[in-house]
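# Observations on the model geometry
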Amino acid sequence: MTVTIEHRRSAELEELIDQDAAAFRILTGDRPTGQLHLGHYFGTLRNRVRLQDLGAEVFVLIADFQVLTDRDTAERLEEYVTGMLLDYLAIGLDPARTMIFAHSAVPALNQLLLPFLSLVSVPELNRNPTVKDEIAHSRQASVSGLMLTYPVHQAADILFCKANLVPVGQDQLPHLEIARLIARRFNERYGRPVFPVPDALLSAAPLLLGTDGTKMSKSRGNTIPLSATADETARLIRGAKTDSERSISYDPERRPAVSSLVLLAALCLGRDPRDVADGLGDGGAAALKSVVTTAVNDLLAPVRARRAEYARDLGYVRQVLRDGNERANEIAAATLAEVQSALGMRY
Ligand code: ATP
Ligand code: MG
């Protein structure tokens, strides 16, 4: 599916959400490969909080096994997982309404991988454009089996809890296609409607660029972390790539780096990026960066304050994850039982 079709579908979904958010069960997740950043915030995190507040059921997955797709070992896991939990709580995810859990703590979920792998072909896995891009950026000399198959693992994440909506950035669209394929094929092959066919929900910023002008990614050293201080944020934005044209415009095709900064300011301020660019006129990169810095720091100031409060009570933060893991295990066991029964594996 092209991005345009997905955008149109997202607009339709927004109308359905407006009518009855409680009809949606939502799953999204992040890899604990580093600190959550503004790409996450505008690409998906903000949507999660909004949907939670509208009354949808929200599940957030810390995808720790997926760390191993493009690196040999998972480093600083505990630090990153704690950081992510703090970010989730600080941006407004409420554990009473949103279940937060970790991949490795839910074995039944991972068991879905085997029957799901049997439902996709090797060429289907090979032509996934996001996986191709990640292989190009990988630090590994050769492509692991997990790299090629993690979108199937992700289908298990989505389908174990029977989620029907997945708020994601653009890079996730090919993976969502695979999850949809698996849900449909499973239901057809085993003759019962075990899984809903999930939809992707794109935000207004499905692909925020980083300070080097490519996709903002934890693994690429080009991010503005949510947990950065105001000074660190200013320094990161000062170092961001721009171009030599003095006049500021919003033209993502021709001027991706400048336009991404304009978009960032616009997202923080809740304004149209073209208006932000017009307001800057011939101010050049320095004026643009100063506006972006103020906008980002104003947006993040209350988030940072809440984050610091939660950081003083790490016992609570860890309990949030333990509670989420417990509930996720119950749900996964029920789904696995249904799957085993469909496969005729009940002895
Ligand atoms: P890594 O480099 O380790 O893959 P990442 O920064 O790509 O990290 P993920 O954990 O892979 O982050 O992605 C989590 C979610 O955030 C996904 O839904 C993804 O689409 C979204 N996301 C990540 N980066 C961006 C971005 N730059 N713009 C918009 N959404 C993004
Ligand atoms: Mg990624």
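Residues numbered from 1 in each chain as written. Chains lettered and ligands numbered in written order. Predicted model: local features only at pLDDT ≥ 70, side-chain atom pairs only at ≥ 80, totals over all residues. Heavy atoms only, no water.

Moving on, we get to the packing of aromatic side chains. Using the criterion set out here, one finds seven aromatic pairs in the structure. Ring centres of F101 and F160 lie 5.6 Å apart, and the angle between their planes is 65 degrees; this geometry places the pair in the edge-to-face category. Within this pair, whereas F101 is found in strand 3 (residues 98-102), its partner F160 is found in helix 8 (residues 145-160), the two being separated by 59 residues in sequence. Given the relative accessible area of 0%, F101 is considered buried. The exposure class of F160 is buried, given its relative accessible area of 0%. An angle of 80 degrees between the planes, with centres 5.5 Å apart, marks the rings of F116 and F195 as edge-to-face. Separated by 79 residues along the polypeptide, F116 in helix 5 (residues 113-117) and F195 in the loop between helix 9 (173-189) and strand 5 (199-202) bring together distant segments of the chain. Taken as a pair, F116 and F195 share a single burial class, namely buried. One aromatic cluster is present, formed by F116, F186, Y190 and F195 through successive ring pairs. (Phe/Tyr/Trp six-rings, centres within 6.5 Å; stacked < 30°, edge-to-face > 60°. Helix = DSSP H or I, 4+ residues; strand = E, 2+ residues; numbered from the N terminus. Buried < 20%, exposed > 50% of the residue type's maximum accessible area, 1.4 Å probe, protein only.)

This part takes up the pairing of strand 2 (residues 57-62). Counted residue by residue, strand 2 has five buried out of six residues, so it is predominantly covered. As paired elements, strand 1 (residues 25-30) and strand 2 share six bridges and run parallel to each other. Residue L27 lies in a different strand from strand 2, and its bridge partner there is F59. As a crossover connection, the stretch from strand 2 through helix 3 (residues 77-91) into strand 3 is right-handed. (Pairing = 2+ DSSP bridges. Right-handed = clockwise from strand over helix to strand, strands pointing away.)

Geometry only, nothing functional implied.
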